[in-house]
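Structural overview for review
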Amino acid sequence: MSEKKIKNVFVEGPITPEKIANSIAHHQVKTNIGAHDIFLGQVRADEIDGKLVAAIDYSAYDEMANKVFDEIRESAFEKYDLTCAHIYHSKGIVKAGELCLFVFTSSKHRAMAFDACRYITEEIKAKAPVFGKEIFEDETHQWKVNK
Amino acid sequence: MSEKKIKNVFVEGPITPEKIANSIAHHQVKTNIGAHDIFLGQVRADEIDGKLVAAIDYSAYDEMANKVFDEIRESAFEKYDLTCAHIYHSKGIVKAGELCLFVFTSSKHRAMAFDACRYITEEIKAKAPVFGKEIFEDETHQWKVNK
Amino acid sequence: MILKLKYFGMIAEAVGKENEEFECANSSVEELNIALKNKYAKLASMNYKIAVNQSFVEPTTLLKDNDEIALLPPFAGG
Amino acid sequence: MILKLKYFGMIAEAVGKENEEFECANSSVEELNIALKNKYAKLASMNYKIAVNQSFVEPTTLLKDNDEIALLPPFAGG
């Protein structure tokens, strides 16, 4: 069994707008791309029982999660005519208002970029073994569960 | 008839990754946002009759286009539960690999952000009086037509 | 009456100008269109829509003095 | 045989550790699950899936020495 090198999707802490700008800039040499779609997940200051979420502390089953992210990415390339697809997810503390997920798809035409970005995002929410501890302003917490 | 101030959607030349990063950063104070979707249109170096597109020179019926962009944005707010929606479009020369359209939607949940971003992008392609002269490397040109 | 005509994209290229004032008797949008095709033969084979004061109207709509009329070729935004 | 157990999120919190070695006789995934619920009473009321060597398998799958078993609570990525 040949082992392909699996990319590490995780970023320590929040995903910065600068990282997103750099990622976009790196695609400007690919002049067969006509459309990009970018999904960004942002931590919400939800109010739960009168307390505000101040941050989410993300943890993951790293090795399995990276395999799952890789499978999602590969299946997106099989389903859609893509030029590129990238996924980044935070680990550790991400404060309310900061970004925790960055999905970036590129294609010749817009329909494929849109379809693939949404597909990848839904697959991540359903299949990636990533866990989130919602930390309230008073330092109590609860565990987040994706809908 | 009260005249509301209509925003100017046009940017001279390409839309830069830095502009996109700044736009994202400005949304980090809005802690009721959970999901952003960003569509970016990029100029392709298409080969047509053996010649490569080097750039597109965008022109527009400015006053009407800004009214149309505003109507599209307003209708997106009516159809979808959005926190924010922004549109920027280039005028003038945008070289192959550079960005000409930036649509940015934000919502509490991902479905609305995705739906609205795609809706706005399709509406722009169909309804905005923007014109594109595809300039080839030998300085001849042809007029682009949206499919 | 005087109409303010605006030409865009490949239409501006075909007629060789971006705008002009056009004097005519009372007419509808479709009558103006025929007059313009008589003036600019190239328009006959071209695909465009006509906006009146920045909106699309019925071809039978009657034009008024000082109306802004735009000839819009196929859109290419995005 | 020895199994390498890994606990995540609210499961790790409930059992008070992130991993441990677990010695047991030959057993299936569902048999291991019963043994773990006996060891950690809190698991009975919790919602989780069990991955074996980073994949989901049938409950009747037999475990092997040195398998990596992960107890995964509901996902919250994105």
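Use the structure listed above.
Structural notes, computed from the coordinates. Keep in mind it's a predicted model, so treat the numbers as computed, not measured. (Residues numbered from 1 in each chain as written. Chains lettered and ligands numbered in written order. Predicted model: local features only at pLDDT ≥ 70, side-chain atom pairs only at ≥ 80, totals over all residues. Heavy atoms only, no water.)

It is worth spelling out the pattern of salt bridges at this point. By the definition in use, this model includes 18 salt bridges over all chains. Note that Asp 46 of chain A and Arg 44 of chain A form a salt bridge whose closest N and O atoms lie 2.8 Å from each other. The exposure class of Arg 44 of chain A is buried, given its relative accessible area of 19%. Lys 91 of chain A serves as the salt-bridge partner of Asp 62 of chain A, at 2.9 Å between the closest nitrogen and oxygen. Here the residue Asp 62 of chain A occupies a position in helix H2 (residues 62-79), and Lys 91 of chain A occupies one in strand E5 (residues 84-95), the gap between them amounting to 29 residues. With a relative accessible area of 25%, Asp 62 of chain A lands in the partly exposed category. Connected through shared salt-bridge partners, Lys 17, Glu 20 and Lys 39 of chain C make up one network. (Salt bridge = Lys/Arg side-chain N within 4 Å of Asp/Glu carboxyl O. Buried < 20%, exposed > 50% of the residue type's maximum accessible area, 1.4 Å probe, protein only. Helix = DSSP H or I, 4+ residues; strand = E, 2+ residues; numbered from the N terminus.)

Quick look at the packing of aromatic side chains now. Aromatic ring pairs are reported here in terms of the distance separating the ring centres and the angle at which the planes meet. Enumeration according to the criterion identifies 18 aromatic pairs over all chains in this entry. Ring geometry for Tyr 61 of chain A and Phe 8 of chain D: centres 4.8 Å apart, planes at 35°, overall tilted. Taken as a pair, Tyr 61 of chain A in the loop between strand E4 (51-60) and H2 and Phe 8 of chain D in the loop between strand E1 (2-7) and helix H1 (9-15) lie in two separate chains rather than in one. With a relative accessible area of 10%, Phe 8 of chain D lands in the buried category. A cation sits over an aromatic face here: Lys 91 of chain A above Phe 10 of chain A, 5.8 Å from the ring centre. The ring of Tyr 88 of chain B has Lys 19 of chain B lying over it, and the distance from NZ or CZ to the ring centre is 4.0 Å. (Phe/Tyr/Trp six-rings, centres within 6.5 Å; stacked < 30°, edge-to-face > 60°. Lys NZ or Arg CZ within 6 Å of the ring centre and 35° of its normal.)

With that out of the way, let us pick up the interface of chain A and chain B. Across the contact, 40 residues belong to chain A and 40 residues belong to chain B. Regarding the contact of chain A and chain B, the summed buried area is about 3,400 Å², with carbon and sulfur atoms giving 54% of it. Our count for the contact surface shared by chain A and chain B stands at four salt bridges. Here Arg 110 of chain B makes a salt bridge to Glu 122 of chain A, at a shortest N to O gap of 2.9 Å. If you look at where chain A meets chain B, you find 19 residue pairs in polar contact (both at pLDDT 80 or more). (Contact = heavy atoms within 4.5 Å. Buried area = accessible area lost by both parts, 1.4 Å probe. Polar contact = N/O pair within 3.5 Å; in protein donor to acceptor, adjacent residues only side chain to side chain.)

To continue, consider the sheet that holds strand E4 (residues 55-56) of chain C. Backbone hydrogen bonds hold the strands of a sheet together, and the pairing may be parallel or antiparallel. Residues and elements named next belong to chain C. The strand order across the open sheet built from five strands is E2-E1-E5-E3-E4, with neighbouring strands paired in mixed fashion. The open sheet has two edge strands with one neighbour each: strand E2 (19-23) and E4. As defined by bridge partners, strand E1 (residues 2-7) adjoins E2 across five bridges and the pair is classed as antiparallel. Considered in E2, the bridge of Lys 6 is made with Asn 19. (Pairing = 2+ DSSP bridges.)

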